[in-house]
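Chain residues, written in single-letter form:
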Amino acid sequence: MSEPLEEFREVMRRLRAECPWKRAQTHRSLVRYLIEEAHETAEAIETGTAADVRDELGDLLLQVYFHAAIAEETGAFTLDDVASGIVAKMRRRNPHVFGDAEVAADPAAVNELWESVKAGERERRDVADGIAVTLPALLRAAKVLERLERAGRGGSGEGDGTADGPVLLLVPSPLLGPATWGPVAWWLRGRGHEVVVADPTAHPPTPAGVVESVLAAAAGRAVVLVVHSNAGLFAPLLAERLDVRATVYVDAALADGEGGVAAGTPLAPPWLLDRVRALAGPDDVLPPWTAWWDDDAVAALLPDPATRAAVEAEQRRLPLAYLASTVPVPDGWTTAPAAYLALGDGYADEREQAGGHGWPVATLPGGHLHQLVDPAAVGGVVLDLLERALDLPPADALGDRLLGLVAQANERGVDPEQALRDAVRRRLAAAG
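Analysis parameters
Residues numbered from 1 in each chain as written. Predicted model: local features only at pLDDT ≥ 70, side-chain atom pairs only at ≥ 80, totals over all residues. Heavy atoms only, no water. Helix = DSSP H or I, 4+ residues; strand = E, 2+ residues; numbered from the N terminus. Buried < 20%, exposed > 50% of the residue type's maximum accessible area, 1.4 Å probe, protein only. Contact = heavy atoms within 4.5 Å. Areas by Shrake-Rupley, 256 points an atom, 1.4 Å probe, with all protein chains shown as cover. Pairing = 2+ DSSP bridges. Right-handed = clockwise from strand over helix to strand, strands pointing away. Axes fitted to C-alpha atoms, helices over the stretch in contact; angles between N-to-C directions. Expected span 1.5 Å × (residues − 1). Arc of directions from axis to C-beta. Phe/Tyr/Trp six-rings, centres within 6.5 Å; stacked < 30°, edge-to-face > 60°. Lys NZ or Arg CZ within 6 Å of the ring centre and 35° of its normal. Core = buried A, V, L, I, M, F, W, Y, C linked by side-chain atoms within 4.5 Å. Polar contact = N/O pair within 3.5 Å; in protein donor to acceptor, adjacent residues only side chain to side chain.

S.K.: I'd like to hear about the overall build of the protein, residue by residue, with values.
M.R.: Of regular secondary structure, the protein possesses 20 helices and 8 strands. The 432 residues of the protein split such that 38% are buried. Within the protein, residue pairs in contact and separated by at least 24 positions form 64% of the contacts whose partners lie at least 6 positions apart. Accessible area of the protein: about 23,500 Å², with a carbon and sulfur share of 56%.

Here's what the structure looks like:
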């Protein structure tokens, strides 16, 4: 254990011995403080500075050491036991890192592996086993519904129509890979959306291969396309092959014109083709995308060296013929529901073109890979643009409805959280 952590343990032991208030505390009496500190840490993460997060994590760590000090006095367990237990759990639940399990380089696949290992550690008595009844009602409802969905017993209760809704299909540039959408995908999933990230490197490096990669990711489901960079040129063609409810272009190239049978859009403008032609090797294969640009310019697009390494690990060398190819443009593609998000002004011409099509348009200050720098901001604007593209009521309208229901409950003397817990209990009973 590091010196500051060992010193912290000794501080807690002394406080338990010499401070009357701390000596009087028990595991049970500290529960309220543990919950308060967890909420304050969450608030610091959402709205505070790095210093705020550091301070709140310290308060949360205090609770861990406090409980461990109490348990040590009775011989129940020690802080070392706590650390050993979580180390063993992490090794057990991450066999793709510490064992021989093979899993796709996709956060969703890793999460499924985690859940399967977790489920095998103990037999659940029912679908709600292990979900704390003391969770806030909305959070408990969400976890129960997630369990029911995973068990194939989600049902379609009143107000629950999301199971057959469109998947948010995030399509990275074929010049890069799925890592560029990973953080946004996690953010969107955390808000209850079903998200799939296509892997354009899964098929041969040709325009047809890119299309097949996206079709495979969609798996026959209705989708909302969220396309980045060069992937934007494929969106009109994909809309002919998929059930696309809307498309959100994120700092993306746009097809030329209104389309038509004979029309096609080059995968690279002349200036880019001239630039990369000089970089191609004797086999007419291009170096990875990050090698096309000045190193400082690439570094400025990414939040840290670790993220850069993850992005560069997924790059592949494309043949020059790929960028010299064209993509067919179906007729009337601009009339489909769509929106455009510009990350800074690098794609100002495309942003203006999108506005000319009558699409909702937004701009976030940042670079071409801003989804890696601020995934919450990018994810939030994508959802807002999607609502506008589909002419849906704004997300605040749902919040207002919930507030109205809470107000009605209060007028009738009903605890709204208890009412929701009762509804969850009825859903569990109906699911058997």
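Moving on from the coordinates now.
S.K.: Can you explain the pairing of strand β8 (residues 361–364)? Please cite residues and give values.
M.R.: Taking every second residue as pointing to the same face, the buried face of β8 carries Ala 362 and Leu 364, while none of Val 361 and Thr 363 on the other face is buried. Relative to β8, strand β7 (residues 338–343) is paired through 4 bridges, and the arrangement is parallel. In the strand pairing of β8, Leu 343 is matched with Leu 364. Taking the sense of rotation as the criterion, the β-α-β connection linking β7, helix α16 (residues 348–356) and β8 turns out right-handed.

S.K.: Now, about the sheet that holds strand β2 (residues 195–197): what can you tell me, with residues and values included?
M.R.: The strand order across the open sheet formed by 6 strands is β2-β1-β3-β4-β7-β8, and the pairing between neighbours is parallel. Two strands lie at the open edges of the sheet, namely β2 and β8, each paired on one side alone. Strand after strand, the sheet turns through a mean of 20° between neighbouring axes, direction not considered. Relative to β7, strand β4 (residues 244–250) runs parallel, the two being bridged by 4 bridges. Within β7, the residue paired with Val 248 across the bridge is Ala 339. Packed onto the sheet, helix α18 (residues 375–389) meets β1 (167–171), β3 (223–228), β4, β7 and β8 and runs at close to 155° relative to β7.

S.K.: Describe in detail helix α1 (residues 3–18), supporting the description with residues and values.
M.R.: Taking 1.5 Å of rise per residue, the 16 residues of α1 would be expected to cover 22 Å, and the 22 Å separating its terminal C-alpha atoms lies within 8% of that figure. For α1, every residue scored as buried is listed here: Phe 8, Arg 9, Met 12 and Arg 16. Down the axis of α1, the sector holding all buried residues measures 100°, keeping them to one side. The exposed set on the far side of α1, more than 90 degrees from its buried face, consists of Glu 3, Pro 4, Glu 7, Arg 14, Ala 17 and Glu 18. Buried-residue contacts for α1 involve α2 (20–24), α4 (50–74) and α5 (79–93).

S.K.: Which residues make up the pairing of β7, and what values do they have?
M.R.: Judged by how many residues are buried, β7 sits mostly within the fold: 6 of 6 residues are covered. Burial along β7 is two-sided: Ala 338, Tyr 340 and Ala 342 facing one way and Ala 339, Leu 341 and Leu 343 facing the other are all buried.

S.K.: Which residues make up the packing of aromatic side chains, and what are the values?
M.R.: A complete count under the given rule lists 7 aromatic pairs for this structure. With a centroid separation of 4.4 Å and 20° between ring planes, the pair formed by Phe 8 and Tyr 65 is classed as stacked. Here Phe 8, found in helix α1, pairs with Tyr 65, found in helix α4; they are 57 residues apart in sequence, far enough to count as distant. Where Tyr 249 meets Trp 359, the ring centres are 5.2 Å apart and the plane angle is 10°; that geometry is what we call stacked. One end of the pair, Tyr 249, is in strand β4; the other, Trp 359, is in the loop between α16 and β8, with 110 residues separating them in the sequence. Per residue, the accessibility class of Tyr 249 equals that of Trp 359, and both read buried. What links up through ring pairs into an aromatic cluster is the set Tyr 249, Trp 333, Tyr 340 and Trp 359. Across the ring face of Trp 186, the terminal group of Arg 189 is positioned such that the distance to the ring centre comes to 5.8 Å.

S.K.: Account for the nonpolar core, with residues named and values stated.
M.R.: For soluble globular proteins, nonpolar side chains are generally found buried alongside one another. Counting 54 residues, the largest nonpolar core has Leu 225, Tyr 249 and Leu 323 as its most contacted members. Broken down by secondary-structure element, the contributors of at least two residues to this core are β1, α10 (207–218), β3, α11 (235–241), α12 (270–277), α13 (295–301), α15 (320–323) and β7. If one sorts the elements of this core by residue count, α10 sits on top with 5 residues. Discounting residues that sit within four places of it in the chain, Leu 225 has contacts with Leu 169, Val 171, Val 214, Ala 235, Leu 238, Val 244, Ala 246, Thr 247 and Val 248. Formed by 26 residues, the second largest nonpolar core is a distinct cluster that contains Val 195, Ala 339, Leu 341 and Leu 385.

S.K.: Lay out the side chain of Arg 308 with the relevant residues and their values.
M.R.: Tracing the chain through its elements places Arg 308 in helix α14 (residues 305–314). A relative accessible area of 16% places Arg 308 in the buried class. One polar contact links Arg 308 to Asp 295, side chain to side chain, over a distance of 2.6 Å. Setting aside anything within four residues of it in sequence, one finds Arg 308 in contact with Asp 295, Val 298, Ala 299 and Leu 302.

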